Amino acid sequence: MAPKTAGGNAAFHNFMNDFADVEDPLERKRLALEAIDNAAFGWYHVRTIVVGGVGFLTDAYDIFSVNLGVSYMAYAFWNNKIPASTETLIKVSTSVGTVIGQLGFGYLADAVGRKSVYGVELMIMIAATILQCTAAHSPAISFPAILTFYRILMGIGIGADYPLSSIITSEFAITRWRGAIMGAVFANQGWGQFLAGLVAMICVAAYKGSLNVENGDCGTECIKACDQIWRIIIGFGAVPGMIALYFRLTIPESPRYSMVEAEELNEGAEKTGTSSGDIMNASTLDIDNKLGEASENQRELQGSDISKAENDEPIEAPKASFKDFIHHFSQWKHGKILLGTAGSWFMLDVAYYGLGLNTASILESIGFASSHNIYDSLYNQAAGNLILVCAGTIPGYWFTVALVDTVGRKPIQLMGFIVLTALFCAIGFGYNKIGSGGRLGLYILAQFFQNFGPNTTTFIVPGECYPTRYRSTAHGMSAASGKVGAIIAQSCIGTLKDHGCAAKGLPKGCWLNHVMEIFALFMLLGIFTTLCIPETKRKTLEQLAEELHGEVDITKENYNRKYKNENDLVASSITEERASQMA
């Protein structure tokens, strides 16, 4: 019996240990992958969704809560007159950190393994959240500066969660419902936004006595209440992460990653004359310490009296390196996939984050406008956002979960971009004609089709369509391109909504209709980038790697070749024995 490997819990089962009685490591891994791909959907997968989804619930909560929290900070530190540049800095800083986390941890998960880094991102988010709650202004340091630093740090943890949760869920999910499982993990973003609004509304209600003042005259008691509320709202974001941290830190290594790692380590062992067991870490030693013996057995078989064809030699996995990455994706058939996933995510996020520019006018149209009474104003903001999230965001996510494995990823994404192009054109060109009610309807529809469309599929497809050795790196690059789009929307395009308003004596936001027209252009471009992505539904990850990247399933192929050679050897021996008897 082979030694058991480290890791495994109720949410991420260690399938390798189920076949510890199988001595051949190639057969053991083949059986483990088949067990993962062909298992029936059950409570185990629900637990996987919960553990993976908690990260995205926390991500969305942390991002959405600061949008609400800035209103309370404005009363606490700026007498409700926060500079526009400071507000933008606090909001955009998270996206800057997110880009760093997506690129950095995307690479690390391919370089050192999924198990080695999963859970670290939650620890970063928890620590940064707690640190934010301790930030305050002093003569020696600027409050916006220190808060921005902590937001960037938290953004790194948020960004890391994108590639890690996507690829780990993908590599542990059943083939038939892999898209739904990955989509359900991502759909927790909707619940994160809902929770942020709910916590804010509860806090405002709890502090009603201190906030119930007219004409925006926030005195000492009101300032203290606002200062406490934003810290409670943001600090609560650490709670969900703490719940899931244990399960993330104790996952087993993905059998798919350990397979690639084993090939690389054994090649290094052959070059240096070192046994594979000497250079493997503890988590992969138990899985792979027989690979060298298997390779030696194959060489002995190939050196026998039987004539072997050249194509019977064992197949080795392509080795990950910067040179190989550039060579691989410089080929159009591979590079266009990266262009499709990264480009689609970029186009989407420009409009996804820009759509928030409409929130103030939308809240006004449903009777949740700002008020001279501070309590009413803050309560309306929290309740209004809660209504909008429930009306469009959450249903959109779960429509995708329900249909992504039957309709397919590509049709849903293509449909989403087409509908969003039409919706943004309607909002932009008809802004002053459709009235507040029309803008409300189009706003909710846009939120719905962003999530029942490219916002969910741009997360799913990069976790499936790349080979194992670059799956996390490519997903991180795709996600990072999206956050670059978000930064552009928030810091550049978003500021255009007030373009020329003051000079013409018009109210703020007079150019918002043209901004919506710009977003419509990005949605149109998203249609063309979607044409570059493949359809991945109901195909194993190894099948996709072979079809899209020309890479065979090494575990199955080498196992089949090994036992084919052994069977040939037995057949040859029998033939020789019969021939000698006849002689």
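Residues numbered from 1 in each chain as written. Predicted model: local features only at pLDDT ≥ 70, side-chain atom pairs only at ≥ 80, totals over all residues. Heavy atoms only, no water.

Draft legend 1. Broad picture of the overall build of the protein. Counting secondary structure elements, the protein contains 25 helices and zero strands. A burial count over the protein gives 56% of its 583 residues as buried. Taking the intrachain contacts of the protein between residues at least 6 apart in sequence as the baseline, contacts between residues at least 24 apart amount to 82%. Taken as a whole, the protein presents about 23,200 Å² of accessible surface, with 62% of it coming from carbon and sulfur. (Helix = DSSP H or I, 4+ residues; strand = E, 2+ residues; numbered from the N terminus. Buried < 20%, exposed > 50% of the residue type's maximum accessible area, 1.4 Å probe, protein only. Contact = heavy atoms within 4.5 Å. Areas by Shrake-Rupley, 256 points an atom, 1.4 Å probe, with all protein chains shown as cover.)

Draft legend 2. Here's a closer look at the confidence of the model for the protein. The pLDDT averaged across the protein works out to 83; a share of 83% of its residues lies at or above 70. The element-level mean pLDDT for the protein is lowest in helix H12 (residues 276-279), coming to 37, with helix H21 (residues 454-460) highest at 96. Below a pLDDT of 50 lies the segment residues 267-310, which in the model reaches 62 contacts outside its immediate sequence neighbourhood of four places, other chains included. (pLDDT = per-residue confidence, 0-100.)

Draft legend 3. Spatial organisation of unusual backbone geometry. Unlike most non-glycine residues, Asn79 shows phi in positive territory, near 55°. On the secondary structure map, Asn79 appears in the loop between helix H2 (43-78) and helix H3 (84-111). In this model, Arg538 sits at a positive phi of 55°, which is unusual for a non-glycine residue. Assignment of secondary structure puts Arg538 in the loop between helix H23 (512-530) and helix H24 (541-549).

Draft legend 4. Up close: the pattern of salt bridges. Inspection of every chain in the model, using the stated rule, returns 17 salt bridges. Put simply, Arg256 and Asp37 hold a salt bridge, and the shortest N to O gap is 2.7 Å. In this pair, Arg256 sits in helix H11 (residues 255-272) while Asp37 sits in helix H1 (residues 25-38), placing the two residues 219 residues apart along the sequence. On the accessibility criterion, Asp37 (10% relative accessible area) is buried. As a salt-bridge pair, Asp161 and Arg248 come within 2.7 Å of each other at their nearest N and O atoms. Placement of Asp161 in helix H6 (residues 143-172) and of Arg248 in helix H10 (residues 238-249) is noted, with a sequence separation of 87 residues between them. For the pair shown, Asp161 and Arg248 are each scored as buried. Through salt bridges with shared partners, a single network forms among Asp110, Arg114, Glu171 and Arg471. (Salt bridge = Lys/Arg side-chain N within 4 Å of Asp/Glu carboxyl O.)

Draft legend 5. Layout of the nonpolar core. By size, the foremost hydrophobic cluster in this structure holds 86 residues, and its most contacted members are Phe12, Phe424 and Phe519. It is H6 that provides the largest number of residues to this core, a total of nine residues. Setting aside chain neighbours within four positions, we find Phe424 in contact with Ala351, Leu355, Gln450, Met516, Phe519, Ala520 and Met523. Judged by nonpolar contacts, the second largest core, of 40 residues, contains Met73, Trp230, Leu386 and Ile394. (Core = buried A, V, L, I, M, F, W, Y, C linked by side-chain atoms within 4.5 Å.)

Draft legend 6. Geometry of the packing of helix H16 (residues 332-354) against helix H22 (residues 471-493). Running from N to C, H16 and H22 cross one another at 30°; their axes reach a closest spacing of 7 Å. When the axes of H16 and H22 are compared, the pair comes out roughly parallel. Where H16 crosses over H22, the handedness of that crossing is right-handed. Across the contact of H16 with H22, the residue classes tally to 14 nonpolar, eight polar and two charged. (Axes fitted to C-alpha atoms, helices over the stretch in contact; angles between N-to-C directions. Parallel < 35°, antiparallel > 145°, perpendicular 65-115°, else oblique. Left-handed = near helix turned anticlockwise from the far one by under 90°. Nonpolar A, V, L, I, M, F, W, Y, C, P; charged D, E, K, R; others polar.)

Draft legend 7. Quick peek at helix H7 (residues 178-206). End to end, H7 covers 42 Å across 29 residues, agreeing with the expected 42 Å (1.5 Å per residue, within 8%). The sharpest bend along H7 measures roughly 30° and falls at Val185. Across the 29 residues that make up H7, a large majority, 22, are buried. (Expected span 1.5 Å × (residues − 1). Bend = angle between axes of the 7 residues up to and from the residue.)

Draft legend 8. Seen up close, the side chain of Ser71. Residue placement: Ser71 occurs in helix H2. Each residue touching Ser71, except ones within four places of it in the same chain, is listed here: Leu378 and Gln381.

Draft legend 9. Up close: the side chain of Thr530. For Thr530, the location among the structural elements is in helix H23. For Thr530, the side chain forms a polar contact with the main-chain oxygen of Gly526, separated by 2.7 Å. Not counting residues up to four positions away in its chain, the partners in contact with Thr530 are Ser344, Lys410, Gln413, Leu414 and Phe417. (Polar contact = N/O pair within 3.5 Å; in protein donor to acceptor, adjacent residues only side chain to side chain.)

Draft legend 10. Spatial organisation of the state of the cysteines. Following the criterion strictly, the structure yields two disulfides and no others. Residue Cys218 pairs covalently with Cys222 via a disulfide, S to S 2.0 Å. In this structure, the disulfide formed by Cys218 and Cys222 twists by about -100° around the S-S bond and is classed as left-handed. By relative accessible area, which is 9% here, Cys218 ends up buried. What links to what in the protein: the bonded cysteines, counted in sequence order, pair as 1-2, 3-4. (Disulfide = S-S within 2.5 Å.)

Draft legend 11. Focus on the packing of aromatic side chains. Across all of its chains, the model carries 31 aromatic pairs by this definition. Ring centres 5.3 Å apart and planes at 75° place the aromatic pair Tyr246 and Phe247 in the edge-to-face group. Under the relative-accessibility criterion, Phe247 is labelled partly exposed at 26%. It is Arg439 that lies over the ring of Tyr431; its NZ or CZ is 4.5 Å from the centre. (Phe/Tyr/Trp six-rings, centres within 6.5 Å; stacked < 30°, edge-to-face > 60°. Lys NZ or Arg CZ within 6 Å of the ring centre and 35° of its normal.)

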